[in-house]
Amino acid sequence: MRKVNLDEFCSISYAGSLSSSPDGDKLCFIKSIADLEDNKYKSNLWLYEPTKGIRKLTVSGTDKKPQWLDNEHIAFFSGRIKDEGYTKTRVYKINVNGGEAELLFETCHEIGQFKVLDENRWLVSFT
């Protein structure tokens, strides 16, 4: 077996955080790829629908941990940022049928995990 060189390694993409819609008709997942220049992984949300195939939902490169809100909307983390000494976590929602992601909430703590309980309540763990 031969060794994998750095260019080959950086061209490999990884799928994770697979999540099915409440009706079971769609799948959302994260696709990550190494970014050698910035020394990190970039990740975006992708959607699979049996009738439409696979398509990219986001492009920021910092999107993670999708959670379905209903059959058309997904909440996700995006762009943890340092601001005034705090690590902020931003949670957005996006409609899988199109449109821009909109900010749901922001916290001055780094969220580790979150779970949608209902329309107005979330279970959040901090890291």
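For the structure itself, look to the data block above.
All figures in this text were calculated on a predicted structure; none of them were measured in a lab. Every residue gets a number counted from 1 within its own chain, in the order that chain's sequence is written. Confidence filtering applies because this is a predicted model: local features only for residues at pLDDT of at least 70, side-chain atom pairs given and counted only at 80 or more, and all residues used for totals across whole chains, interfaces and linings. Side-chain numbers here rest on the full set of heavy atoms in the structure, without hydrogens or water.

## Things to note about the nonpolar core
- Formed by Cys28, Ile30, Leu45, Leu47, Leu57, Trp68, Ile74, Phe76, Tyr92, Ile94 and Val96, the largest nonpolar core amounts to 11 residues.
- The secondary structure listing takes helices from DSSP runs of H or I that are at least 4 residues long and strands from runs of E that are at least 2 residues long, numbered from the N terminus. Mapped onto this core, the elements with two or more residues apiece are strand 2 (27–35), strand 3 (40–49), strand 6 (73–83) and strand 7 (86–95).
- We call two residues contacting when some pair of their heavy atoms lies within 4.5 Å. If we skip the residues at most four places from it in the chain, isoleucine 94 touches Leu57, Thr58, Glu72, His73, Ile74, Phe76, Gly99 and Ala101.
- Take the buried Ala, Val, Leu, Ile, Met, Phe, Trp, Tyr and Cys residues and link them wherever side-chain atoms come within 4.5 Å; each set so joined is a nonpolar core. Residue burial is assigned from relative accessible area. The probe radius is 1.4 Å, only protein chains are included, and a residue is buried under 20% of its type maximum, exposed over 50%, and partly exposed in between. The next biggest cluster of nonpolar side chains, apart from the first, holds 6 residues, and it includes Ala75, Phe77, Val91 and Phe114.

## Quick look at the packing of aromatic side chains
- Ring geometry is summarised as follows: Phe, Tyr and Trp rings, the Trp one being its six-membered ring, pair when their centres sit within 6.5 Å, and such pairs are stacked at plane angles under 30 degrees, edge-to-face over 60 and tilted between the two. Under the criterion given, the structure shown has 3 aromatic pairs.
- Ring plane angle 75° and centroid distance 6.2 Å describe the contact between tyrosine 14 and tyrosine 41, whose orientation is recorded as edge-to-face. With tyrosine 14 in strand 1 (residues 13–20) and tyrosine 41 in strand 3, the pair connects residues that are 27 residues apart, well separated along the chain.
- The class for tyrosine 41 is partly exposed, based on a relative accessible area of 43%.
- A centroid spacing of 5.3 Å and a plane angle of 80° characterise the contact between phenylalanine 105 and tryptophan 122, whose relative ring orientation is edge-to-face. Remark: tryptophan 122 occurs in strand 10 (residues 121–126) and phenylalanine 105 occurs in strand 8 (residues 102–107); sequence separation between them is 17 residues.
- One cation-aromatic arrangement involves lysine 31 over tryptophan 46; the distance from NZ or CZ to the ring centre is 4.5 Å. Any Lys NZ or Arg CZ that is within 6 Å of a ring centre and within 35 degrees of that ring's normal is treated as a charge sitting over the ring.

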